[in-house]
Amino acid sequence: MKLKKPQFNVPTKYRHVPFLELLASAAFQHNQATLTEKPFEISMYSRASIVASALSIECAANCLASSLELTKALRDEIEKMPALSKIEICLQFKGASGFNRGTIEVSRIAELIRARNDFVHPKIGSVPGTLAAPEDNGAEWIFPITLDSAHHSHLNIPKTHLFWSRTDSLKVLNSVASFYHYVFIDLLKAERDELHELIIPRFETKNVHMPAVADEVKDVLASIKEKGVDFSFLALFD
């Protein structure tokens, strides 16, 4: 007698939290930038890395906001806030005081947000430079041109994304790692379970939550430590 396969259909939903995906994308794109010596490819990968790092800030703010018990009206008002304001008020709601806009961790992120906004809202502008005397290259003449860009004072990357390099994407990765340690560990003092409740995607049934972080995401975030960026405080690798 053939036994029937037991039915197991449990209603579930997937809570999609893009935070770790964005961090992994930033780390992955930076790694790609280090694997090539073609200037165009270095530039493209570095830009993608920096933008992914910047987008993770907004996601972190939304992670904190979604963890609060709020009325719909208040939640809608908080949703309209800039990312740093949203993070600050959410920390206050959670009883974590001390968020300081003057710290280097926050100052760098404020500049990263401005850099991201300038990148996604491109305007026509001019970049100062110097044209040197032409050089005879045999079949053609070369006109050496040097372009200059001002730098963000705290983040120390060029204000013009045209000049972003893998050195800059690494600076940004280190800056976001320091910022998240400041927010989640120094101020919120989140233990492993509370932190994972905030940032980890999961499948949710009536009584069970099942984490759903791809091994590839964990691997790339662990591997970036070789380049000096430490995400171990996220407690994903133990």
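This structure is a prediction, so every number in the text was calculated from the model and none was measured.

The rules we used
Residues numbered from 1 in each chain as written. Predicted model: local features only at pLDDT ≥ 70, side-chain atom pairs only at ≥ 80, totals over all residues. Heavy atoms only, no water. Axes fitted to C-alpha atoms, helices over the stretch in contact; angles between N-to-C directions. Helix = DSSP H or I, 4+ residues; strand = E, 2+ residues; numbered from the N terminus. Parallel < 35°, antiparallel > 145°, perpendicular 65-115°, else oblique. Left-handed = near helix turned anticlockwise from the far one by under 90°. Contact = heavy atoms within 4.5 Å. Nonpolar A, V, L, I, M, F, W, Y, C, P; charged D, E, K, R; others polar. Polar contact = N/O pair within 3.5 Å; in protein donor to acceptor, adjacent residues only side chain to side chain. Phe/Tyr/Trp six-rings, centres within 6.5 Å; stacked < 30°, edge-to-face > 60°. Buried < 20%, exposed > 50% of the residue type's maximum accessible area, 1.4 Å probe, protein only. Salt bridge = Lys/Arg side-chain N within 4 Å of Asp/Glu carboxyl O. Patch = residues over 30% accessible without salt bridge, like charges linked within 9 Å, V, L, I, M, F, W, Y side chains within 5 Å. Areas by Shrake-Rupley, 256 points an atom, 1.4 Å probe, with all protein chains shown as cover. Expected span 1.5 Å × (residues − 1). Bend = angle between axes of the 7 residues up to and from the residue. Pairing = 2+ DSSP bridges. pLDDT = per-residue confidence, 0-100.

Chemist: Help me get a handle on the packing of helix α5 (residues 104–120) against helix α6 (residues 166–187), residues and values and all.
Modeler: It is the contact of α5 with α6, at a shortest axis distance of 9 Å, that shows an interaxial angle of 125°. Taken together, α5 and α6 sit at an angle that is classed as oblique. For the crossing formed where α5 meets α6, the hand is left-handed. Counting all contacts with α5, which are made through E105, V106, R108, I109 and L112, the residues of α6 involved are V172, S175, V176, S178, F179 and Y182. Split into classes, the residues belonging to the contact of α5 with α6 amount to seven nonpolar, two polar and two charged.

Chemist: Explain the side chain of S169 residue by residue, including any values.
Modeler: Relative to the helices and strands, S169 is located in helix α6. Only 3.0 Å separates the side chain of S169 from the backbone oxygen of R166, close enough to count as a polar contact. Once you skip the residues sitting within four places of it in the chain, S169 turns out to touch H30, S46, S49 and I50.

Chemist: Explain the packing of aromatic side chains residue by residue, including any values.
Modeler: In this structure the tally under the stated criterion is eight aromatic pairs. Taking 5.8 Å as the distance between ring centres and 25° as the angle between the ring planes, the aromatic pair formed by F119 and W164 counts as stacked. Of this pair, F119 sits in helix α5 while W164 sits in the loop between β5 (145–147) and α6, and the two are 45 residues apart along the sequence. According to the relative accessible area criterion, F119 is partly exposed, its value standing at 25%.

Chemist: Go over the pattern of salt bridges with me, naming the residues and quoting the values.
Modeler: This structure, assessed with the given rule, holds 10 salt bridges. R101 is paired through a salt bridge with E88; the nearest N and O atoms lie 3.0 Å apart. Remark: E88 occurs in helix α4 (residues 83–93) and R101 occurs in the loop between α4 and α5; sequence separation between them is 13 residues.

Chemist: So what about a nonpolar patch on the surface? Which residues, and what values?
Modeler: On the surface, V127, L131, W141, F143, I145, L147 and L162 cluster together into a nonpolar patch covering about 730 Å² of accessible area. Its location among the elements puts L162 in the loop between β5 and α6. By relative accessible area, L162 is classed as partly exposed at 45%.

Chemist: Would you mind going over the packing of helix α1 (residues 19–33) against helix α8 (residues 215–223) in detail, with residue names and values included?
Modeler: Relative to each other, α1 and α8 sit at 55°, their axes nearing to 9 Å. In terms of axis orientation, α1 runs oblique to α8. Taken as a pair, α1 and α8 cross one another with a handedness that is left-handed. Between α1 and α8, the contacting residues are L20, L23, A24, A27, F28 and N31 on the first element and V217, V220, L221 and S223 on the second. Residues of the contact of α1 with α8, tallied by class, amount to eight nonpolar, two polar and no charged.

Chemist: Can you break down α6 residue by residue, with the values?
Modeler: Taking 1.5 Å of rise per residue, the 22 residues of α6 would be expected to cover 32 Å, and the 30 Å separating its terminal C-alpha atoms lies within 8% of that figure. At H181, α6 shows its maximal kink, close to 25°. Two residues or fewer past α6, K189 is found with a positive phi of approximately 55°.

Chemist: Requested: an account of the sheet that holds strand β6 (residues 202–204), with residues and values cited.
Modeler: Through backbone hydrogen bonds, the strands of a sheet pair up, either in parallel or in antiparallel fashion. Taken in spatial order, the three strands line up as β1-β6-β7 in an open sheet, and their pairing is antiparallel. Two strands close off the open sheet at either side, each with one partner strand: β1 (13–15) and β7 (209–211). The mean inter-strand angle of the sheet, taken between neighbouring strand axes irrespective of direction, is 25°. Alignment of β1 against β6, held across three bridges, turns out to be antiparallel. For Y14, the partnering residue across the bridge sits in β6 and is F203.

Chemist: Can you lay out the confidence of the model for the protein for me, pointing to particular residues and giving the numbers?
Modeler: When pLDDT is averaged along the protein, the result is 91; 96% of the residues meet or exceed 70. Taken element by element, the protein is modelled with least confidence in β5, mean pLDDT 76, and with most confidence in α6, mean pLDDT 98.

Chemist: Explain unusual backbone geometry to me, and be specific about the residues and the numbers.
Modeler: Even without being glycine, N156 reaches a positive phi, approximately 60°. Its location among the elements puts N156 in the loop between β5 and α6. Its relative accessible area of 39% is what places N156 among the partly exposed residues. Even without being glycine, A235 reaches a positive phi, approximately 55°. For A235, a relative accessible area of 16% corresponds to the buried category.

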